[in-house]
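# Breakdown of the fold
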Amino acid sequence: MARRGITVEEVVNMMFDDEVPILDFSSESESDSDDDLIPQLVEEVLVPIPQDEVPPVNELGWQFANSDHRPCDFVFEASGSGVQPELPSTVTEYDCFKLFISDELVGHVVEETNTFAEELKQRSEAGKMERWVGTTVAEFFTFIATVLIMAVVRKKSLKEYWTTNCMYQTPFFKTLFSQDRFLLIMRALHFINNTTMNRLDPLAKIRPILSSLTLKFREVFVPFKNLCIDESLLLWKGRLAFRQYIPSKRHRFGIKFFILCDVLTGYVQDLVIYTGSTTDIVNIDGLGVSGSVVVNMLKPYLEKGHALFTDNWYSSPTLFLYLMKHRTGACGTVRAKRKGMPEFRKKMKKDEVEMKCAGPLLAVKWHDKRDVHVLSTISSASMADSGKVDFNTGEHKMKPSCVLDYNKNMGAVDRFDMRNSFVECTRKTMKWYKKIFFHLVDCAIHNAYIVHQQVTGQVIRPQAFRENLVRQLLEHHHTPRNAPTGGRPSLDTPLRLKARHFPSEVPQTAAQGNSTRRHCRVCLHSSRRPRQRKLTRFFCAPCDTALCAVPCFEEFHTLKND
């Protein structure tokens, strides 16, 4: 017996049957304890979709679309969107940053860092860790500020920030940390107790930070109507079980993030790190991995009238029908061989288009430079002016409305990656979880920038925002260091044999007063006569070098090999 195809009316009735509830992914019990900030690993669970939830995609009854095609027009209430905390219009960059990187979160990092540092001290190869002194919340905020400055002042290695080579030294870093202290904090940086963490969780090393920040991202900002999901790749070429290879990405090798962004502002609403079969998603039977990622990330925003934009890795008729059942529109490029897609003509000329629909679901094949397939539940079956003019004919270029909608809204994640690439504070490290931590700090700063822009109405450059944030972090948390003593002598300035130099008295110190002296550079390092440790009260200010008035001052500024 031949199988009967369902009609368009039957498809619409199935799509808008409100008796099917949203799948509940929450745990059976709720708790207000602090342990909720560190959720356990979500086990892979197959949650079956009721049979009437998604109609059989092979029986959609695709028809040629015409002007009578009616897309979904869900009502979205925008009055509750935007920044949720009540902030004054004079809010500072520091206040926005503390919405995400709070004292409690930093306090947790400080506690775990001190614990891990004590473990390192017990090892036989402790080395400089034996001089470890416990860090504090104020010092760690200064540490973050220092890392942010390093993102702007780029050097090949961390030690070069404390170089004494006058041609490219940066004295400001010496006022924040000594080289050894900064490297010790970087080495001891830790986020969870190794003895109590869940070793079945591949993200256990960074879980407390990841859970806390993603929760803050959702609480601080409620998105506007249009959302988009895309993947981002954090460069990592070291050994890692869930490292990914994506040849189309700039870095190719790295850690893959699924990112949900608000299209209007670019705010990062949520993110998930892909770890293979143990990824933090509930696999939904019938939607596959890509559809399950979308539904899990959209769970708080279903039934509210949002519109989602995705690329061809996520899009499918099954997913779009599921979202439509929950009052969520969708639009995105789609692979031609997806299950449930209609058949189109094989060969088409440039600018030719073919549209088919099944109720509100619209499938389009348009030939631009190559074939483009688009699936949508929110676009009309029409052509629209793209705003561009054909160079040869002088006529306005027309494109399908769904293509224009996709091009307009599907770029927030790529813009986030581009913006971060200029000022990101991630650095090469041997520990993958440290790199993820600094990437999450970048995400928090990006969201703080969006919040500051939304509340104050000021549009400033992202780098200027970071500079203001660093200045305010240091004003609130930094304690000036004592002037360093000893250490390596400064290398010669290239101008010591050319510029105009005059002797000056060595500035007095509080300890020595009128008796302040420094060791003569020439007497201490001379290759022309026996070396000796001789104190002098004179120095050359431009060279910042202590010298005897006679004859060392003249020799230093006239002889190449003094």
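Residues numbered from 1 in each chain as written. Predicted model: local features only at pLDDT ≥ 70, side-chain atom pairs only at ≥ 80, totals over all residues. Heavy atoms only, no water.

For the chain, the name recorded in an unreviewed UniProt entry is PiggyBac transposable element-derived protein domain-containing protein, with Coilia grayii as its organism.

## Observations concerning the overall build of the chain
Which entries qualify depends on this criterion: Put simply, DSSP marks the helices as runs of H or I at least four residues long and the strands as runs of E at least two long, and each gets a number from the N terminus on. Residue contacts are defined here by distance: any two heavy atoms, one from each residue, within 4.5 Å place the two residues in contact. Here the open area of atoms and residues is found with the Shrake-Rupley method and a 1.4 Å probe, where only the protein chains shown may cover a residue.
In terms of regular secondary structure, the chain is built from 15 helices and 21 strands. In the chain, the share of contacts with a sequence separation of at least 24, taken over all contacts with a separation of at least 6, comes to 67%. Accessible area of the chain: about 29500 Å², with a carbon and sulfur share of 51%.

## A closer look at the sheet that holds strand β20 (residues 538–540)
We apply this condition: By definition, two strands form a pair when at least two bridges between them are found by DSSP.
Taken together, 3 strands build an open sheet; the order of strands is β17-β20-β21 and the sheet is antiparallel. Across the chains shown, the open sheet's two edge strands, defined by having one partner strand only, are β17 (503–505) and β21 (545–546). Direction of pairing for β20 relative to β21: antiparallel, over a ladder of 2 bridges. In the sheet register, Phe539 faces β21, and the bridge partner there is Ala546.

## Some thoughts on the pattern of salt bridges
What counts, and what does not: What counts as a salt bridge is simple: a side-chain nitrogen of Lys or Arg found within 4 Å of a carboxyl oxygen of Asp or Glu. The cut-offs for exposure are 20% and 50% of the maximum accessible area for each residue type, with area from a 1.4 Å probe on protein chains only; residues under the lower value are buried, those over the upper are exposed, and the others partly exposed.
In this structure the tally under the stated criterion is 15 salt bridges. A salt bridge links Asp103 to Lys98; the shortest N-O distance between them is 3.1 Å. Arg537 serves as the salt-bridge partner of Glu505, at 2.9 Å between the closest nitrogen and oxygen. You can see Glu505 sitting in strand β17 and its partner Arg537 sitting in the loop between β19 (535–536) and β20, a full 32 residues away along the chain. The class for Arg537 is partly exposed, based on a relative accessible area of 35%. Where salt bridges share partners, they join Lys128, Arg131 and Asp180 into one cluster.

## Here we look at the pairing of strand β15 (residues 383–389)
Where β15 and strand β16 (residues 396–400) come together, 4 bridges link them in antiparallel fashion. If you follow Val389 over to β16, its bridge partner there is His396. Where β15 hands over to β16, the hairpin turn is made up of 6 residues, of which Gly394 adopts a positive phi near 80°.

## Brief notes about the nonpolar core
Test applied: Residues belong to one nonpolar core when they are buried, are Ala, Val, Leu, Ile, Met, Phe, Trp, Tyr or Cys, and are joined through side-chain atoms within 4.5 Å.
One finds Phe100 and Ile206 to be the most contacted residues of the largest nonpolar core, which totals 101 residues. By residue number, the principal contributor to this core is helix α12 (residues 432–456), which donates 14 residues. With sequence-adjacent residues up to four places away left out, Ile206 is seen in contact with Phe191, Trp432, Tyr433, Ile436, Phe437 and Leu440. In this structure, Val295, Tyr301, Met324 and Ala330 belong to the second largest nonpolar core, which totals 35 residues.

## Focus on the packing of aromatic side chains
Note on aromatic pairs: each is described by the distance of the centres and the angle between the planes. Counted only if it meets this: Side-chain rings of Phe, Tyr and Trp, where Trp is taken by its six-membered ring, are said to pair if the distance between their centres is within 6.5 Å; with planes under 30 degrees apart they count as stacked, over 60 as edge-to-face, and otherwise as tilted.
One pass over the full model with this rule turns up 22 aromatic pairs. Their ring planes at 75° and their centres at 6.5 Å tell us that Tyr161 and Trp162 sit as a pair that is edge-to-face. Assigned by exposure class, Tyr161 and Trp162 land together as buried. Measuring from centroid to centroid gives 4.4 Å for Phe221 and Tyr267, while their planes differ by 20°, and the two rings are stacked. Within this pair, whereas Phe221 is found in strand β4 (residues 221–222), its partner Tyr267 is found in the loop between β7 (253–262) and β8 (268–273), the two being separated by 46 residues in sequence. Taken as a pair, Phe221 and Tyr267 share a single burial class, namely buried.

## Describing the side chain of Thr333
Worth spelling out the cut-off: Definition of a polar contact: a pair of N or O atoms within 3.5 Å, with one able to donate and the other able to accept a hydrogen when the atoms are protein atoms, and with sequence-neighbouring residues admitted only if both atoms are side-chain atoms.
Among the secondary structure elements, Thr333 is positioned in strand β11 (residues 329–333). What makes Thr333 buried here is its relative accessible area of 16%. One polar contact links the side chain of Thr333 to the main-chain amide nitrogen of Asn312, over a distance of 3.1 Å. When residues no more than four places from it in sequence are discounted, the contact partners of Thr333 are Thr310, Asp311, Asn312, Ser315, His373, Val374 and Tyr406.

## So, helix α13 (residues 462–477)
Short version of the rule: In a helix, the anticipated span is given by 1.5 Å times the number of residues less one.
End to end, α13 covers 22 Å across 16 residues, agreeing with the expected 22 Å (1.5 Å per residue, within 8%). Of all the positions in α13, only Ala464, Phe465, Arg466, Leu469, Val470, Gln472, Leu473, Leu474 and His477 are classed as buried. Taken together, the buried residues of α13 touch α2 (93–98), α4 (137–152), α5 (172–176), α11 (412–423) and α12.

## Here's the deal with unusual backbone geometry
In the segment running from Val550 into Pro551, the intervening peptide bond is cis, with an omega of -5°. Look at Arg252: it is not a glycine, yet its phi comes out positive at around 70°. Tracing the backbone through its elements, the reader meets Arg252 in the loop between β6 (244–245) and β7. The exposure class assigned to Arg252 is partly exposed, which follows from its relative accessible area of 38%. Even without being glycine, Asp544 reaches a positive phi, approximately 50°. Mapped onto the elements of the fold, Asp544 is located in the loop between β20 and β21.

## Some remarks on helix α9 (residues 317–325)
Buried residues dominate α9, accounting for 9 of its 9 residues. All of the buried residues along α9 are Pro317, Thr318, Leu319, Phe320, Leu321, Tyr322, Leu323, Met324 and Lys325. Directly beyond the C-terminal end of α9, a positive phi value near 55° is found at Arg327.

## Quick notes on the side chain of Asn447
Positionally, Asn447 belongs in helix α12. Discounting chain neighbours no more than four positions away, the residues touching Asn447 are Phe100, Phe217, Tyr267 and Val268.

## Remarks on the state of the cysteines
Going by this rule: Two cysteine sulfur atoms form a disulfide, by the criterion used here, when they sit within 2.5 Å.
All chains considered together, the criterion is met by 0 disulfides. The closest cysteine sulfur to the non-disulfide-bonded Cys425 is located on Cys443, 9.7 Å from its own sulfur. Assessed through its relative accessible area of 2%, Cys425 is described here as buried. Free of any disulfide, Cys548 has its nearest cysteine sulfur in Cys520, 3.7 Å distant.

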